[in-house]
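Single-letter residue listing:
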Amino acid sequence: MSSNEDDTAAPASAPHFDTPPPAEQVAFHRLARLRPRYRWWRLLLTGLLGIAFYAVLMLLLIVPLTISAALIPAWGVEVQTLLVTAEYFDLDRPWFLIALVLPLILMIPALLLASRIVEGRGVGLLSSVTGRLRMGWLGKSLLLAFVVFAISFGLLLGWSAATGEGMAADFSHPNLWVMVVLVLLLIPFQAAAEEYVFRGYLMQLVGGWLRHPAFAILLPVPLFVLGHGYDVWGAASVGVFAVVAAWLTWRTGGLEAAIGLHIANNVCIFLLGSVGMVDANATSGTPIDLLTSTVTMVVFALLADLWARRLGVVRTVAVPRPIAPAGAMGTHQLAPMLRG
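Calculation rules
- Residues numbered from 1 in each chain as written.
- Predicted model: local features only at pLDDT ≥ 70, side-chain atom pairs only at ≥ 80, totals over all residues.
- Heavy atoms only, no water.
- Helix = DSSP H or I, 4+ residues; strand = E, 2+ residues; numbered from the N terminus.
- Buried < 20%, exposed > 50% of the residue type's maximum accessible area, 1.4 Å probe, protein only.
- Contact = heavy atoms within 4.5 Å.
- Salt bridge = Lys/Arg side-chain N within 4 Å of Asp/Glu carboxyl O.

Q: In this structure, what is going on with the overall build of the protein? I would like to understand it.
A: Scanning the protein from terminus to terminus reveals twelve helices and two strands. Within the protein, the proportion of its 340 residues that are buried is 45%. Within the protein, contacts between residues at least 6 apart in sequence are counted, and of these 81% link residues at least 24 apart.

Rendered as structure tokens:
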């Protein structure tokens, strides 16, 4: 064959490379579908098993208390008072605060254990799209929330003083510092427990069935409101809080900002209640209370969202192919997030 014939020969075909399918960005409320055992009904089973575990934990708490109350008359009187009171925040009885928040804190182990048993690995996806609670972002969210609430309460107290309704802080109660320590130790876990249940579990329960985030944000709100025995204005404020916390969870890809908001709100109320500047047992509100709390929470949400974007906080997780309807995605593709 001549050299001319070589020049006119058909060129060899270029090597073929498979184009990887485009990654799908999965938001927080859809993370349950990434769990290795996902089925549409499993999250319901998680809830039922979590309730069973919670009942066992409560029995382990109540039985020793009941026995102690029967054997020690003074404890019996205290327990009877606890059963009939509507004011759990009482400087004369700081242990009432423990009785209020410890049952709420127990929701965390009950939920996480049930989730691990029913849905398999990836319990950390209840915390964030990275499969863990992002402590750095949690700390920044908490700092921002305390700054916003400090300014908000400062303006309110300043306005009250300017209108002649100001109240002086009372540091004279002998149990004041006991209560302060209990608030700082327990309230962060109580706030986190409520966020794991209402913004973690329930958002992902709804998100497993319905794709649009509005459903996951709004549908759990009535349950959160019903869990707080307030009047119409107080209930409205709780509802706004639930919407803001859920929106933040979706926008930032995790519970951290919502936990920070919840902790700051509750800690500020209880600390101010400890020195008599607010009524920490109040179950009623006013339109002004609703307006001020709404403005405070919305300001925090907008600032937290802006800060998260500037920090590059991860908001979604990329998966290499569409989510299978029956959870058939290989766990090797999500190994970094499926630690637990």
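Q: Looking at this structure, I do not really get the pattern of salt bridges. What am I missing?
A: Where charged atoms of side chains with opposite charge meet at close range, the side chains can pair. Applying the stated criterion across every chain, the model contains nine salt bridges. Across the pair glutamate 119 and arginine 35 runs a salt bridge whose closest N-O atoms are separated by 3.4 Å. Highlighted residues: glutamate 119 in helix α5 (residues 107–119) and arginine 35 in the loop between β1 (24–26) and α2 (42–71), separated in sequence by 84 residues. Side by side, glutamate 119 and arginine 35 carry an identical accessibility label, which is buried. Two residues, arginine 315 and aspartate 305, come together in a salt bridge whose shortest N-O distance is 3.1 Å. Of the two residues, arginine 315 is situated in the loop between α12 (287–311) and β2 (317–319) and aspartate 305 in helix α12; the sequence distance between them amounts to ten residues. Within the structure, one salt-bridge network assembled from shared partners comprises Arg251, Asp305, Arg309 and Arg315.

Interpretation in functional terms is not warranted from these geometric data alone.
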